[in-house]
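# Survey of secondary and tertiary structure
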Protein chains: 2
Amino acid sequence: MIVVKIGGASGVNLDAVCRDAAELIRQGQAITIVHGGSAETNEISTQLGHPPRFLTSVSGFTSRYTDRETLEIFAMVTSGKINTLLVERLQRYGVNAFGLSGVDGRVMVAKRKDTVRIIENGRQRIIRDDYTGKVEQVNAALLNQLIAAGLTPVIAPLAISPEGEALNIDADRAAAMVAGALKAEAVIFLTNVPGLLRHYPDDTSLIPTIDKAKVEASLSFAEGRMKKKVLGACEALELGVARIVFADGRIDQPLQGALAGRGTVIS
Amino acid sequence: MIVVKIGGASGVNLDAVCRDAAELIRQGQAITIVHGGSAETNEISTQLGHPPRFLTSVSGFTSRYTDRETLEIFAMVTSGKINTLLVERLQRYGVNAFGLSGVDGRVMVAKRKDTVRIIENGRQRIIRDDYTGKVEQVNAALLNQLIAAGLTPVIAPLAISPEGEALNIDADRAAAMVAGALKAEAVIFLTNVPGLLRHYPDDTSLIPTIDKAKVEASLSFAEGRMKKKVLGACEALELGVARIVFADGRIDQPLQGALAGRGTVIS
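Residues numbered from 1 in each chain as written. Chains lettered and ligands numbered in written order. Predicted model: local features only at pLDDT ≥ 70, side-chain atom pairs only at ≥ 80, totals over all residues.

Every contact between the two is made by 31 residues of chain B and, on the other side, 31 residues of chain A. If you list the elements that add at least two residues to the side of chain B that touches chain A, you get α3 (68–92), β5 (97–101), α4 (140–148) and β11 (158–160) of chain B. When residues of the side of chain B that touches chain A are assigned to their parent elements, the largest contribution, 13 residues, is made by α3(B). By residue class, the composition of the side of chain B that touches chain A is 14 nonpolar, 11 polar and 6 charged. (Contact = placed C-beta atoms within 7 Å. Helix = DSSP H or I, 4+ residues; strand = E, 2+ residues; numbered from the N terminus. Nonpolar A, V, L, I, M, F, W, Y, C, P; charged D, E, K, R; others polar.)

So this is what it looks like as structure tokens:
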């Protein structure tokens, strides 16, 4: 099993990814896809008169401020649009894809961060109406049933809390949790850069390999959204995934490229 | 198995429906839900600057004009928002609901109506870029696998064509097809009226029972959207479903009420 995370940021060539996934699946490789949806959620929520807001936590991570209205827009865009269109595209390439989010059958149960300590104008403040969560449990049995039935799961970044609230979750870290639960041999994070760059956005500073013992040190130079992927990589390694690749999702055959070592390989 | 169709038109008390479904499931009754989403798609597509348009076919049926942009909005609203929020609400009542659309795992395969003959300003015209379909096949094996795993399917009104195009389908007729495929003993159509009215919108003209041999005659007086439900009922009867109820979705315990004969019962 290989878990592929497709970034929400524009630039990833979805057609190339789906064609390549279909080719690998024909060769007998099982694949599970996890996707994001930030860029499109920003666009549509702005069009709907509810523009995105972002929070910076005290530890320096940035995340979407997800009040209930934002959560519903996020569900609409990720689970309704991006997920359905990905499944449709894969089906067109002959892959029997099956879309779901973590809310369905409680596939991903997350703890709601009911209080988020943020920094705003240099001051600490607490946010209490945020519907963001951190995945704590993946229902591997249910995913494995779908996979055994010949389906390719395509997972949208929503989870459910033990209290039954739908939550926005980080897709990179969700991909890591899913990979751990499915005992995947690799996770490929597809982005719109060639891999992890020492000096973002300088493509020539691509780091080809990182020893897994040293991956946490990359947090110091990983830019913005890449920080979450590095965190995801750390979590996947802890869960026993042997190989993580940060790869370019804009190129042809991005998955076969990543498996051949193109990008940043952590192992 | 009972199939419940929840109308897209506003007025249905979703909380009462979910609470009642949870109660019936606790008593051992298997339920599959099919939902619509017209009213909310109209609102959101208008907000997104792509207001809804409707076609009237030469045979007098009205349907949404679904160009590709409308299809994507329809997927977003039905599969992303309405479906996710229904699943969330059912989960909160202890039902292990699982949302999907007919695109997922090719659960519903539909024939695309690639040319639609319509009446516009009294003239016949042909529409060619419409992504609407008529369900021809339901993957009962996959639905039964989900049901056997203790899940309650919640189905959004999208299907896939043999060519791999996502299609807008009529949820009433989809409910009939699903009921036939699952060999359901009953289909309950929940609406915002007490049942089939001889003189719409006069509530006192409710028809309590219809003999199944005479249901087609109801097409002559069924108003607008009720026509599709009557068609759905005819199709479900043909597929061997023994009992159809058109019931009020605004009341408390709407499902138990319908099963006890409240509404219009066709059998």
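The next thing to look at is the relation of the copies chain B and chain A. The two copies are related by a screw operation: chain B maps onto chain A through 180° of rotation and 0.0 Å of translation along the axis, at an RMSD of 0.0 Å. Expressed as a symmetry operation, the mapping of one chain copy onto the other fits a two-fold axis. Among all residues of chain B, the minimum C-alpha distance to the rotation axis is found for B:G80, at 1.7 Å. Same-surface contact between copies: 100% of interface residues of chain B are shared with the interface of chain A. (Least-squares fit on C-alpha atoms with pLDDT ≥ 70 in both.)

Residues and elements named next belong to chain B. Most of strand β2 (residues 31–35) sits out of view: 5 of its 5 residues are buried. Across the two faces of β2 the burial is the same, with I31, I33 and H35 and T32 and V34 all buried. Pairing between strand β1 (residues 2–6) and β2: 5 bridges, direction parallel. Pairing of I6 across the sheet is with H35, part of β2. Note: β2 against strand β10 (residues 152–156), 2 bridges, orientation parallel. Among the inter-strand pairings, I33 is bridged to a residue of β10, identified as V154. (Buried ≥ 20, exposed ≤ 12 C-beta atoms within 10 Å, placed from the backbone. Pairing = 2+ DSSP bridges.)

By size, the foremost hydrophobic cluster in this structure holds 166 residues, and its most contacted members are A:V178, A:V187, A:I188, B:V178, B:V187 and B:I188. B:I188 has contacts with B:I2, B:V4, B:K5, B:V245, B:A247, B:L255 and B:A258, leaving out every residue within four places of it along the chain. (Core = buried A, V, L, I, M, F, W, Y, C linked by C-beta atoms within 7 Å.)

The next thing to look at is helix α3 (residues 68–92) of chain A. Residues and elements named next belong to chain A. In a regular helix each residue adds 1.5 Å, so 25 residues correspond to 36 Å; α3 covers 34 Å between its end C-alpha atoms and thus fits that length. Among the 25 residues of α3, 21 are classified as buried, and the element is accordingly described as predominantly covered. Phi for G94, located one or two positions after α3, is positive at around 90°. (Expected span 1.5 Å × (residues − 1).)

Right, let's talk about the sheet that holds strand β13 (residues 186–191) of chain B for a bit. All names here are of chain B. Strand order in the open sheet formed by 8 strands is β5-β10-β2-β1-β13-β15-β16-β14, with mixed pairing between adjacent strands. Two strands close off the open sheet at either side, each with one partner strand: β5 and β14 (209–210). Of the strands in this sheet, β1, β2, β10 and β13 touch helix α1 (residues 14–26), which is tilted by about 160° from β2. (Axes fitted to C-alpha atoms, helices over the stretch in contact; angles between N-to-C directions.)

Residue and element names in this part refer to chain A. Where helix α1 (residues 14–26) meets α3, the closest approach of the two axes is 9 Å, and the angle between their N-to-C directions is 50°. When the axes of α1 and α3 are compared, the pair comes out oblique. Crossing handedness for the pair α1 and α3: right-handed. Where α1 approaches α3, its residues L14, D15, C18, A21 and A22 are matched on the opposing element by L86, R89 and L90. (Parallel < 35°, antiparallel > 145°, perpendicular 65-115°, else oblique. Left-handed = near helix turned anticlockwise from the far one by under 90°.)

This part covers the environment of A:R19. Residue and element names in this part refer to chain A. Structurally, R19 is set in helix α1. On the basis of neighbour counts, which here come to 19 C-beta atoms within 10 Å, the residue R19 falls in the partly exposed class. Considering only alpha carbons, one finds R19 and R92, 73 residues apart in sequence, at a separation of 9.4 Å.

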